[in-house]
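# Per-entry structural report
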Amino acid sequence: MNIRKGTLSEWDEIFLMGFSTWGDGLSKEGYLKACHESEKYQQGSWYILEKESKPVSSLIIYENLFNLPEECFGIGSVATCEDQYRKGYASKLVKEVSEKFKEQGARGIFLFSDINPEFYKKLGFKSISASQPYEDTTCMILPFNHKEHLFLQAPNYF
């Protein structure tokens, strides 16, 4: 298995990993069009976990956007191909990408969990108090310094 930055030519494949969760009744074509036109998706860096040269899980990393605290990053749109669910690929991708940014001196990684905060808690993320834009959203942080999260202000929703 290999983790690397995704390429523009892989965007359709990356976006379709999230179709069953975020498609909201759109056709695949409509969903892909909306993803390609998303300013938010264009501003981040996509990372993929590939198995046998095929992307099986993906996420986006944001830096210096959404009022993220200095030296902090945001993870979003964590997704896995439906036929690869429950094999640990998303966990592996989140852990390894987080570790990469920790080694580069990041203070922490934020995310907004719209689906399953317990999944992220198992990876070391902590819920933080923040004004939530949606009722079913939890702002979370993976602090790289024991008490760091107590001093970090939650970013804007991404």
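Remember, predicted model here, so these are calculated numbers, not experimental data.

## Overview of the environment of Lys 54
Relative to the helices and strands, Lys 54 resides in strand β3 (residues 54–63). The class for Lys 54 is partly exposed, based on a relative accessible area of 40%. For the pair Lys 54 and Phe 19, spaced 35 residues apart in sequence, the C-alpha to C-alpha distance is 18 Å. Excluding residues within four positions of it along the chain, Lys 54 makes contact with Glu 13, Leu 49 and Cys 81.

## Re the side chain of Gln 84
Mapped onto the elements, Gln 84 comes out in the loop between β4 (72–80) and α5 (89–103). Ignoring sequence-local partners within four residues, the contact set of Gln 84 consists of Val 56 and Tyr 89.

## A word on the environment of Ile 128
In this structure, Ile 128 sits in the loop between β6 (126–127) and β7 (138–143). Judged by its relative accessible area of 13%, Ile 128 falls in the buried class. Put simply, Ile 128 and Cys 139 are 11 residues apart on the chain and 5.9 Å apart in space, counted from C-alpha to C-alpha.

## Points about the pattern of salt bridges
Going through the model one piece at a time under the given rule, you end up with 6 salt bridges. Measuring nitrogen to oxygen at the nearest pair gives 2.5 Å for the salt bridge that ties Glu 10 to Arg 4. Residue Glu 10 is classed as buried on the basis of its relative accessible area, which comes to 12%. Measuring nitrogen to oxygen at the nearest pair gives 2.5 Å for the salt bridge that ties Lys 92 to Glu 96. Of the two residues, Lys 92 and Glu 96 are both situated in helix α5; the distance of 4 residues between them amounts to about one turn of the helix. Through salt bridges that share partners, Arg 4, Glu 10 and Glu 50 make up one connected network.

## Comments concerning the packing of aromatic side chains
Inspection of the entire model under this criterion finds 14 aromatic pairs. Relative to Tyr 31, the ring of Phe 19 lies with its centre 5.2 Å away and its plane at 65 degrees, an arrangement referred to as edge-to-face. With a gap of 12 residues between them, Phe 19 in helix α2 (residues 19–22) and Tyr 31 in helix α3 (residues 28–37) connect regions that are remote in the sequence. Judged by relative accessible area, which is 21%, Phe 19 ranks as partly exposed. For the pair Phe 112 and Phe 158, a centre-to-centre distance of 5.2 Å together with 80 degrees between the ring planes defines the contact as edge-to-face. Of this pair, Phe 112 sits in strand β5 (residues 108–113) while Phe 158 sits in the segment after β7; the two residues are 46 residues apart in sequence, bridging distant segments of the chain. Phe 158 sits in the buried class, given a relative accessible area of 6%. Members of the aromatic cluster, each reached through a chain of ring pairs, are Tyr 62, Phe 66, Phe 112, Tyr 157 and Phe 158. Over the ring of Phe 101 we find Lys 100; its NZ or CZ atom is 5.7 Å from the centre of that ring.

The rules behind these values
- Residues numbered from 1 in each chain as written.
- Predicted model: local features only at pLDDT ≥ 70, side-chain atom pairs only at ≥ 80, totals over all residues.
- Heavy atoms only, no water.
- Helix = DSSP H or I, 4+ residues; strand = E, 2+ residues; numbered from the N terminus.
- Buried < 20%, exposed > 50% of the residue type's maximum accessible area, 1.4 Å probe, protein only.
- Contact = heavy atoms within 4.5 Å.
- Salt bridge = Lys/Arg side-chain N within 4 Å of Asp/Glu carboxyl O.
- Phe/Tyr/Trp six-rings, centres within 6.5 Å; stacked < 30°, edge-to-face > 60°.
- Lys NZ or Arg CZ within 6 Å of the ring centre and 35° of its normal.

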